[in-house]
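Structural characterization, general
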Amino acid sequence: MTLLAAVLNGLMVGGLYGLFGLGLALAFGIMRVVNIAHGEFIVLGAFLGATVLAVTPLPLPVVVLVVAISAFAMGWLMQATMLNRLVGPNPIPAMIATMGLSIIIRNALVAVYGNNIRAIDIGPVQNLGIEVAGVALGVLPLAIFALSVAMFLAVGLLLRHSTTGRAFRAAADDFEILETLGFNRRRVYALAMGLAVTLAAVAGLLLAVRSSFTPFSGIERLLIAFQVVIIGGLGSLRGSFLAGLFLGVVHVVGLSLNPNVGPLFGHLAFILILILRQADLPAILTRRGR
Amino acid sequence: MTLLTVEGLDVFHGDLQATFGVDLQVAAGEAVAIIGANGAGKSTLLRAIIGLTPARHGTIRLEGEDITRLSCDMIARRGIALVPEGRRLFPSLTVEENLRLGSARARPGPWNLEAAYDLFPAMTDFRHRPAGMLSGGQQQMVAIARALMMNPRLLLCDEVSLGLAPAIIGDIYACFRRIRDSSVSLVLVEQDILRARAASDRVYCLLKGRVTLQGASGEVALDAIRAAYFGEAAA
């Protein structure tokens, strides 16, 4: 793999990383829920998609839609039946509950699908390529990248121009006042969690089309989601997107340099950013200039 | 015709009792002032009426319907709106987005964006600014307008003059006449006795969670209010 191809692949993966982070950030920003099961929903999206692809003749875009709708229902149900009972000033109970849920989902996946490493085979589309300016690009990665950009834009439009989106942002600011305006807080929360889990599951399915996964992949994906949120910031769509792209490129380029290091380079880059953020750059630069 | 009837209301913050058997009536079209010092239980009373802090004992009725156990959003949709203490706009939303949220679950009625900008023409200049970037007086206009967008029957206003310059307080209070003309009843919680008396039909005085005085605004003597306010024996 040439460096350029690695960078392009990294951007494709990175768009999905951005979506992982966006879902986590929405849940935390709006309801202060740290969803530990976020990684498991990412993996669940992959298994669900793989199963639907295997047992039905539906094409991938329709499967994505099926997964999106099921994921929304799951997120909605999780919030409505469980997390809405736990919302409050203390974020720990919801964290523990979602941690428990993550264990349940992981083990259920093992029980149903076994421990094997899996990949999704979607047939000849997988290897379809086009050549742009002398560089061979896969059609599938391009389509996936376009879809993740479209999902970011759609979330942006929703948050800015719909009543539901404004209610999400207002709930993050001051849920009590939102209630005095006639909004049912629990319903707003359930919708927000539905959206957050949808983003996770769809991105998880799309990532699985390009890479392998097991029932235990959730923790790794959750880690990436956290890194995206920490680098990109909580309140910023663009921040999540760019942070995702950055981590994606570092991961894939790192793997192309040395296939045995796994996510090492991504974690190193993350720590480097944390250090740089702490460092007093102007002071360092002036000292050097002297 | 009585719009709001509060009977024997006990409200607690945890183990701490904030109001003791409070009775209160607001007639349709009436403006009622609730005055009292810090910690008298005024804000708590408003929070109980709109359902943010549920009452432990007592009943709250809106046009005869018992709303004591309803959730806040259901009470709001039945026609009670709150202008909260400290304004509490959504700081990350623009002024107009704040107003639009007010109208999203509103009852039908005369108040809409146009009417709100007509009530406070100054708001037009900063309609697209984030609400967190406004001055106190500007925020207060938006907070009142946001609550009005619900087209409430009863508007609860918690210390709208707090921290504002006197000239701006005058502007804010001037709007209450037009709000009443749109057949919205008012409950004004205030620390400023004179202003509250001037803007209302009747006053209630709260002291340490109890009603210590009530009467028509034009008739209760300042001395009596002062005594009820500070808890001195009436001279």
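This write-up is about the structure you can find in this document. Computed from a predicted structure; not experimentally measured.

1. Focus on the overall build of chain A
- In terms of regular secondary structure, chain A is built from 11 helices and 2 strands.
- Reading chain A from its N terminus to its C terminus gives the helix and strand order α-α-α-α-β-β-α-α-α-α-α-α-α.
- Here the C-alpha atoms of chain A give a radius of gyration of 20 Å, agreeing with the 19 Å that 2.2 N^0.38 yields for 290 residues.
- Seen through its principal axes, chain A has C-alpha atoms that stretch 70 × 60 × 35 Å.
- Expressed as a percentage of its 290 residues, the buried residues of chain A come to 50%.

2. Things to note about the overall build of chain B
- Within chain B one finds 8 helices and 10 strands.
- For chain B, the C-alpha radius of gyration of 17 Å lies close to 18 Å, the compact-globule estimate for 235 residues.
- Referenced to the eigenvectors of the C-alpha coordinate spread, the extents of chain B come out at roughly 50 × 40 × 35 Å.
- In chain B, buried positions account for 53% of the 235 residues.
- Of the contacts formed within chain B by residues at least 6 apart in sequence, a portion of 68% connects residues at least 24 apart.
- As presented, chain B carries roughly 9700 Å² of accessible surface, and 51% of it is formed by carbon and sulfur atoms.
- The positive charge centre, built from 25 side chains, and the negative charge centre, built from 25, are 3 Å apart in chain B.

3. Concerning the sheet that holds strand 1 (residues 2-13) of chain B
All names here are of chain B.
- With respect to topology, 4 strands assemble into an open sheet ordered 2-1-4-5, the strand pairing being antiparallel. Since the sheet does not close on itself, it has two edges, and those belong to strand 2 (16-27) and strand 5 (65-66), each with one partner.
- Note: strand 1 against strand 4 (residues 57-62), 5 bridges, orientation antiparallel. Considered in strand 4, the bridge of E7 is made with T59.

4. Describing the packing of aromatic side chains
- Counted by the stated rule, this structure contains 7 aromatic pairs over all chains.
- Measuring from centroid to centroid gives 4.9 Å for F152(A) and F241(A), while their planes differ by 70 degrees, and the two rings are edge-to-face. On the criterion of sequence distance, the pair formed by F152(A) in helix 5 (residues 139-161) and F241(A) in helix 9 (residues 237-257) is long-range, its members being 89 residues apart. F241(A) shares its class with F152(A); the two are buried.
- Pairwise contacts between aromatic rings join F47(A), Y113(A) and F213(A) into one cluster.
- If you follow R185(A) out to its NZ or CZ, it ends over the ring of F175(A), 3.4 Å from the centre.
- For R195(B), the ring lying beneath its charged end belongs to Y173(B), and the centroid distance is 5.6 Å.

5. Regarding the environment of L101(A)
- Topologically, L101(A) is positioned in helix 4 (residues 92-113).
- Not counting residues up to four positions away in its chain, the partners in contact with L101(A) are A37(A), F41(A), M78(A) and M82(A).

6. Brief notes about the interface of chain B and chain A
- Facing 22 residues of chain B, the contacting portion of chain A comprises 17 residues.
- The interface formed by chain B and chain A includes 4 salt bridges.
- With a closest N to O distance of 2.9 Å, R88(B) and E176(A) form a salt bridge.
- Between chain B and chain A we count 7 residue pairs in polar contact (both at pLDDT 80 or more) in total.
- Counting residues per element, the ones that place at least two in the side of chain B that touches chain A are helix 1 (42-50), helix 2 (72-77) and helix 3 (95-104) of chain B.
- Ranked by residue count, the leading element in the side of chain B that touches chain A is helix 3 of chain B, at 5 residues.

7. Notes on the side chain of E176(A)
- Mapped onto the elements, E176(A) comes out in helix 6 (residues 163-180).
- Relative accessible area serves as the criterion here: at 17%, E176(A) is assigned to the buried category.
- Excluding its chain neighbours within four sequence positions, the residues that come into contact with E176(A) are R47(B), L52(B) and R88(B).

8. Some thoughts on the nonpolar core
Residues and elements named next belong to chain B.
- Counting 131 residues, the largest nonpolar core has M123, L155 and I179 as its most contacted members.
- Not counting residues within four places of it along the chain, the set of residues in contact with I179 comprises W111, L119, I144, L148, L155, V184 and L186.
- The next biggest cluster of nonpolar side chains, apart from the first, holds 31 residues, and it includes V6, L82, L156 and V187.

9. Quick notes on the pattern of salt bridges
All names here are of chain B.
- Under the definition given, this model contains 16 salt bridges over all chains.
- Salt-bridge contacts for D201 lead to R180; the nearest nitrogen and oxygen are separated by 2.6 Å. Placement of the pair is D201 in the loop between helix 7 (193-199) and strand 9 (202-207) and R180 in helix 6 (residues 166-181), with a sequence separation of 21 residues.
- Under the relative-accessibility criterion, R180 is labelled partly exposed at 25%.
- The salt bridge partner of R226 is D223, with a shortest N-O separation of 3.6 Å. Pair noted here: R226 and D223 are both in helix 8 (residues 222-230), with a separation of 3 residues, about one helical turn.
- For R226, a relative accessible area of 39% puts it in the partly exposed group.

Basis of the calculations
- Residues numbered from 1 in each chain as written.
- Chains lettered and ligands numbered in written order.
- Predicted model: local features only at pLDDT ≥ 70, side-chain atom pairs only at ≥ 80, totals over all residues.
- Heavy atoms only, no water.
- Helix = DSSP H or I, 4+ residues; strand = E, 2+ residues; numbered from the N terminus.
- Rg over C-alpha atoms; globule rule 2.2 N^0.38 Å.
- Buried < 20%, exposed > 50% of the residue type's maximum accessible area, 1.4 Å probe, protein only.
- Contact = heavy atoms within 4.5 Å.
- Areas by Shrake-Rupley, 256 points an atom, 1.4 Å probe, with all protein chains shown as cover.
- Lys, Arg positive; Asp, Glu negative; His and termini not counted.
- Charge placed at Lys NZ, Arg CZ, Asp CG, Glu CD.
- Pairing = 2+ DSSP bridges.
- Phe/Tyr/Trp six-rings, centres within 6.5 Å; stacked < 30°, edge-to-face > 60°.
- Lys NZ or Arg CZ within 6 Å of the ring centre and 35° of its normal.
- Salt bridge = Lys/Arg side-chain N within 4 Å of Asp/Glu carboxyl O.
- Polar contact = N/O pair within 3.5 Å; in protein donor to acceptor, adjacent residues only side chain to side chain.
- Core = buried A, V, L, I, M, F, W, Y, C linked by side-chain atoms within 4.5 Å.

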